[in-house]
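Coordinates in review
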Amino acid sequence: MARAPGLDPLGSRDQRPTWDSKLQYLLSCVGFAVGLGNLWRFPYLCQSHGGGAFLIPYFIALAFEGIPLFHVELAIGQRLRRGSVGVWTAISPYLGGVGLGCLSVSFLVSLYYNTVLTWVLWYLLNSFQQPLPWGTCPLDLNRTGFVEECQATGTVSYFWYRQTLNITATIEHSGSVQWRLLACLAACWVVVYLCVIRGIESTGKAIYFTASFPYLVLTIFLIRGLTLPGAVDGLIYLFTPNMQTLQNPRVWLDAATQIFFSLSLAFGGHIAFASYNMPRNDCEKDAVTIALVNSMTSLYASIAVFSVLGFKAATDHGRCLDGNILRLINEFDFPDQSVSRDNYTAVLTQLNATQPERVAGLHLEACHLQDFLDKSASGTGLAFIVFTEAVLHMPGSPVWAALFFSMLFTLGLSSMFGNMESIITPLLDMGVLPRWVPKEVLTGLACLACFLFATCFTLQSGSYWLELFDSHAASLNLILFAFFEVVGVAYVYGLDRFCDDIEWMTGRRPGLYWRVSWKAISPLLLLTIFVAYFALLAQTPLNYRAWNPQYEQFPLKQEKSYPGWVWAICALLSSFPTLWVPGVALAQLLTRRRRKQDMQQDMCLKLQDSGVC
């Protein structure tokens, strides 16, 4: 078949490396897409947005936003065989800023993403002891009692906020570097460097383990979780549909953004991975397969997580009942074992009817299983507080803790491969360093720069800064870059030309679903998401929740406003990557205008020499 009338791929002129096998490529894309968000954000969104009803907007967003955009990135990377900067510069020099913006976002995300792996590594190292260190409060300085802050907050929260982060009470007080976290951060970057040192040649080997191990551990947790008491309650709570929540626009916005970030779109990593494919690879089949695997993984993880959280809720509910039962037995001199969890409600109802004053004086806790199931969390709150507390209740808790945090580490490490490829591949394509400099040196310099910039997260105020980066560095920028990507392909590169390329690569011309999605639905959907997300952020006050032992309502977190200089940093994080787009376009425009003027001057000089001008 004749070559499609697209741009001449760089791969036709150089010896670009290729994947050893199709499985390596698929696992790398799955590893990049399936990250920590699948495990600790999707279950929370599903639980808090109507259970099974949330899946309706989720799969609609997958069909008309996630898969079409994913197909664009895989196809354009495979066809042009370049990284994000090279791809968009080749399509149009005016779009070169999109590639540089993607590179900038990948750099910023890598800084704090690997810091999360630092915390995971710290917990993993502390899991190899019995009892687990977050299971008991430490003694005070006099060794006559327990630390007061730990008694007020609980052992799990104390270990996280004080013994791990040693957090300050305000973001304005940076505190000192936590050397144990700095050592773990260095170890994490060394591991990342050793895995990405030779690009896909080395990550392709490591990905076999890092992409498959989380599924093994998830399966183990699922089997164990389903055998625990309360697991069924957790799953019923998770998936019971509440169709009324679909009337809330926030549910649809969260579904769309979850699909977007879960697939790791607009980072440039998938473009880089696809650029190492053979040109005739079936990228359409890859896009659909990987996107579906990613979504099924989110559902699979939700079942495993909420089976364990259901067990935790049932355990806490039982302890609450036991405390109330003990008060009733002591107050009314009942024989031991005369009041059980099964007959507690009946006994309490009878006592309320006969002796309500005495019962009211006991100040019994309200023990409702639903209240304990409601105590779910997302992000670091799920991983380092809720789930770690659930592990404490499981027999053989150190084993389960080690499995859980090793799963998180490998899950995050696979995503870091894609993040680093999003940085290194464009730098190689741009020729930042001379060609005689080994790739290992460029990779090492990139990892070293990331490590040095990320040391700010090891300060006592580091978690506040990480939360700020997570909220402002990527979200709006990525949505905007994705919009430029689909518009650039459909309207600048040309949809017919793009379809010709796909037909040449796969042997099939994209159908009506693909063409309509790329031409209209996906751009409009992304533009709507961007406007809605921007409006949501504009209405949300720039506050953060501080861990302050001196707060009157401690252990509740204290709501504080960011100081003015932090507002400026937020604005810089939100706008800096996007500024590459108009900046590069303006530079190209001025360059072309200057060249045109130079050509006119040269022409005029030649005409003057000939006596015409």
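Residues numbered from 1 in each chain as written. Predicted model: local features only at pLDDT ≥ 70, side-chain atom pairs only at ≥ 80, totals over all residues. Heavy atoms only, no water.

**Concerning helix H12 (residues 249–262)**
Taking 1.5 Å as the rise per residue, H12 with 14 residues should run 20 Å; its terminal C-alpha atoms sit 20 Å apart, in good agreement. For H12, the tally of buried residues reaches 10 of 14 residues, placing the bulk of the element in the interior. Every buried residue of H12 is listed here: Val251, Leu253, Asp254, Ala255, Ala256, Thr257, Gln258, Ile259, Phe260 and Ser262. The backbone nitrogen of arginine 250 lies 3.1 Å from a side-chain oxygen of the residue at the head of H12, namely asparagine 248. Among the residues trailing H12, serine 264 stands out with phi positive, at a value near 55°. (Helix = DSSP H or I, 4+ residues; strand = E, 2+ residues; numbered from the N terminus. Expected span 1.5 Å × (residues − 1). Buried < 20%, exposed > 50% of the residue type's maximum accessible area, 1.4 Å probe, protein only. Polar contact = N/O pair within 3.5 Å; in protein donor to acceptor, adjacent residues only side chain to side chain.)

**A closer look at the environment of leucine 428**
Its place among the elements puts leucine 428 in helix H19 (residues 397–430). Since its relative accessible area comes to 32%, leucine 428 is described here as partly exposed. Sequence separation between leucine 428 and proline 555 is 127 residues, and the spatial gap between their C-alpha atoms is 50 Å. The contacts of leucine 428, once residues within four sequence positions are left out, are Lys439 and Leu442. (Contact = heavy atoms within 4.5 Å.)

**So, the environment of glutamine 558**
With respect to the element layout, glutamine 558 can be found in strand S2 (residues 558–561). Through-space distance from the C-alpha of glutamine 558 to that of valine 437 is 51 Å; in sequence the pair is 121 residues apart. With sequence-adjacent residues up to four places away left out, glutamine 558 is seen in contact with Tyr544, Arg545, Ala546, Asn548 and Tyr551.

**Digging into the state of the cysteines**
Taken as a whole and assessed by the stated rule, the structure comprises two disulfides. In this model, cysteine 137 is linked to cysteine 150 through a disulfide, with the two sulfur atoms separated by 1.9 Å. Disulfide cysteine 137-cysteine 150: torsion about the S-S bond near -85°, hence left-handed. Within this pair, whereas cysteine 137 is found in the loop between helix H6 (96–125) and helix H7 (148–153), its partner cysteine 150 is found in helix H7, the two being separated by 13 residues in sequence. Residue cysteine 150 is classed as buried on the basis of its relative accessible area of 1%. The disulfide bridge from cysteine 320 ends at cysteine 367, spanning 1.8 Å between sulfur atoms. Measuring handedness by torsion sign, the sulfur bridge of cysteine 320 and cysteine 367 sits at about -80° and is left-handed. Note that cysteine 320 is positioned in helix H14 (residues 283–332) and cysteine 367 in the loop between helix H16 (356–361) and helix H17 (369–373), a separation of 47 residues in sequence. Accessibility assignment for this pair places cysteine 320 and cysteine 367 in one class, buried. Each bonded cysteine of the chain is numbered by sequence order, and under that numbering the disulfide pairs are 1-2, 3-4. The thiol of cysteine 102 is unpaired, and the distance to the nearest cysteine sulfur, on cysteine 29, comes to 16 Å. With a relative accessible area of 0%, cysteine 102 lands in the buried category. (Disulfide = S-S within 2.5 Å.)

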